[in-house]
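Here is how the chains run, residue by residue.
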Amino acid sequence: GNSVTQMEGPVTLSEEAFLTINCTYTATGYPSLFWYVQYPGEGLQLLLKATKADDKGSNKGFEATYRKETTSFHLEKGSVQVSDSAVYFCALSGRDSSYKLIFGSGTRLLVRP
Amino acid sequence: DSGVTQTPKHLITATGQRVTLRCSPRSGDLSVYWYQQSLDQGLQFLIQYYNGEERAKGNILERFSAQQFPDLHSELNLSSLELGDSALYFCASSVIPVDDTQYFGPGTRLTVL
């Protein structure tokens, strides 16, 4: 079945450092890929998405490229801020009859001033 | 603000009891999804409704049930509650098949004592 694997956290960075959070997936067909972010005590917010191979999703300085050849959708940001501290979830939608989301285990990011 | 509302925000109850969680989707979204977030299981898909009809089931216990009403709001009913049912329950909505992006509500935190 479909699955998503994320790098284990926590990831601790200093402000203005470069961020990469790895995400790989297993899926049949052509899934949509998403990154969601969960700030402390809050719900899930859509960060970015990509729906086909080589698409790049971007938002608030974060980027991720849909790589079908490596089945990856790694999240990157060139310069993190303290306010980026949160848990980041990679997810896929198999675009089957339900479009349900399958999530990775989440990666906690802590950015120190 | 995603446009998806959930009530109540917090719920504390005892083992063996029954509770109802409520969700109102974004205006125009016909599809509603329920997810459970727990420390040991992560984010798990429970059930999906589309325009009042059940579309897909995930890892939902037989003690749990849901429905979607004609005004498209949805309720998740949890009965014979156990300590292990303590979790954050999220509702999401989408406008499939036009767009498979899911927008999440703030969640209901259920504590079973």
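The structure contained in this document is the topic of the report that follows. This is a predicted model, so every value here is computed, not measured.

## Describing the overall build of chain A
The secondary structure content of chain A amounts to zero helices and 12 strands. Taking 113 residues into account, the globule formula puts the C-alpha radius of gyration at 13 Å, and chain A, at 14 Å, falls close to it. Across its three principal directions, the C-alpha atoms of chain A cover 45 × 30 × 20 Å. Buried residues in chain A amount to 46% of all 113 residues. A sequence separation of at least 24 residues applies to 56% of the contacts in chain A between residues at least 6 apart. Of the side-chain charges in chain A, 11 are positive and 11 negative, and the distance between the mean point of each set is 5 Å.

## Observations concerning the interface of chain B and chain A
With 20 residues of chain B in contact, the opposing surface of chain A contributes 18 residues. Of the roughly 1500 Å² buried at the junction of chain B and chain A (both faces included), carbon and sulfur atoms supply 58%. Contact with chain A buries surface across chain B, with Leu-43, Asp-100 and Phe-104 of chain B losing the most and accounting together for 37% of the total. With its nearest N and O atoms 3.5 Å apart, the salt bridge here joins Asp-100 of chain B to Lys-49 of chain A. Between the two partners, chain B and chain A, sit eight residue pairs in polar contact (both at pLDDT 80 or more). Sorting the residues of the side of chain B that touches chain A by element identifies β4 (31–38), β5 (42–50), β6 (53–57), β9 (87–95) and β10 (99–104) of chain B as the ones contributing at least two each. The greatest single-element share of the side of chain B that touches chain A, amounting to six residues, is contributed by β10 of chain B. In terms of residue class, the side of chain B that touches chain A is built from 12 nonpolar, five polar and three charged.

## Examining the nonpolar core
Buried together is how nonpolar side chains tend to be arranged in soluble globular proteins. With 26 residues, the main nonpolar core has Leu-19, Trp-35, Leu-48, Phe-73, Leu-75 and Tyr-88 of chain A as its most contacted residues. When contributions to this core are tallied by element, the ones reaching two or more residues are β2 (11–14), β3 (19–21), β4 (23–26), β5 (32–38), β6 (44–50), β8 (62–65), β10 (86–93) and β12 (107–112) of chain A. A total of four residues in this core trace back to one element, the largest contributor, which is β10 of chain A. Membership of the second largest hydrophobic core comes to 21 residues, among which are Leu-11, Val-19, Trp-34 and Cys-91 of chain B.

## Points about the environment of Glu-8 of chain A
Along the chain, Glu-8 of chain A falls in the loop between β1 (3–6) and β2. Along the sequence, Glu-8 of chain A and Phe-73 of chain A sit 65 residues apart, while their C-alpha atoms lie 15 Å from each other.

Thresholds applied
- Numbering of residues starts from 1 in every chain and runs along the sequence as written.
- Numbering of ligands from 1 and lettering of chains from A proceed in the order in which they are written.
- Given that this is a predicted model, residues contribute local features only at a pLDDT of at least 70 and side-chain atom pairs are listed and counted only at 80 or more, while totals for whole chains, interfaces and linings are drawn from all residues.
- Hydrogen atoms and water are omitted, and side-chain values are computed over all heavy atoms in the structure.
- Numbering of helices and strands runs from the N terminus; a helix is a DSSP stretch of H or I covering at least four residues, while a strand is a stretch of E covering at least two.
- As defined in this context, the radius of gyration uses C-alpha atoms, and a globule is described by 2.2 Å times the residue total to the power 0.38.
- Throughout this description, buried means an accessible area under 20% of the type-specific maximum (1.4 Å probe, protein chains only), exposed means over 50%, and partly exposed covers the range between.
- Contacts: residue pairs with any heavy atoms within 4.5 Å of one another.
- Under the counting rule used here, the positive set is Lys and Arg, the negative set is Asp and Glu, and His together with the chain ends is not counted.
- Charged side chains are reduced to one point each, which is NZ for Lys, CZ for Arg, CG for Asp and CD for Glu.
- Put simply, buried area is the surface a 1.4 Å probe can reach on two separate parts but cannot reach once they are joined, added for both.
- The term salt bridge refers to a pairing of a side-chain nitrogen on Lys or Arg with a carboxyl oxygen on Asp or Glu at a separation within 4 Å.
- Think of a polar contact as two N or O atoms within 3.5 Å of one another; within protein, one of them needs to be a possible hydrogen donor and the other a possible acceptor, and neighboring residues in sequence only count if both atoms come from side chains.
- Residue classes follow a fixed rule: Ala, Val, Leu, Ile, Met, Phe, Trp, Tyr, Cys and Pro count as nonpolar, while Asp, Glu, Lys and Arg count as charged, and any other residue, Gly among them, counts as polar.
- Nonpolar core, defined: a set of buried Ala, Val, Leu, Ile, Met, Phe, Trp, Tyr and Cys residues in which side-chain atoms within 4.5 Å join the residues together.

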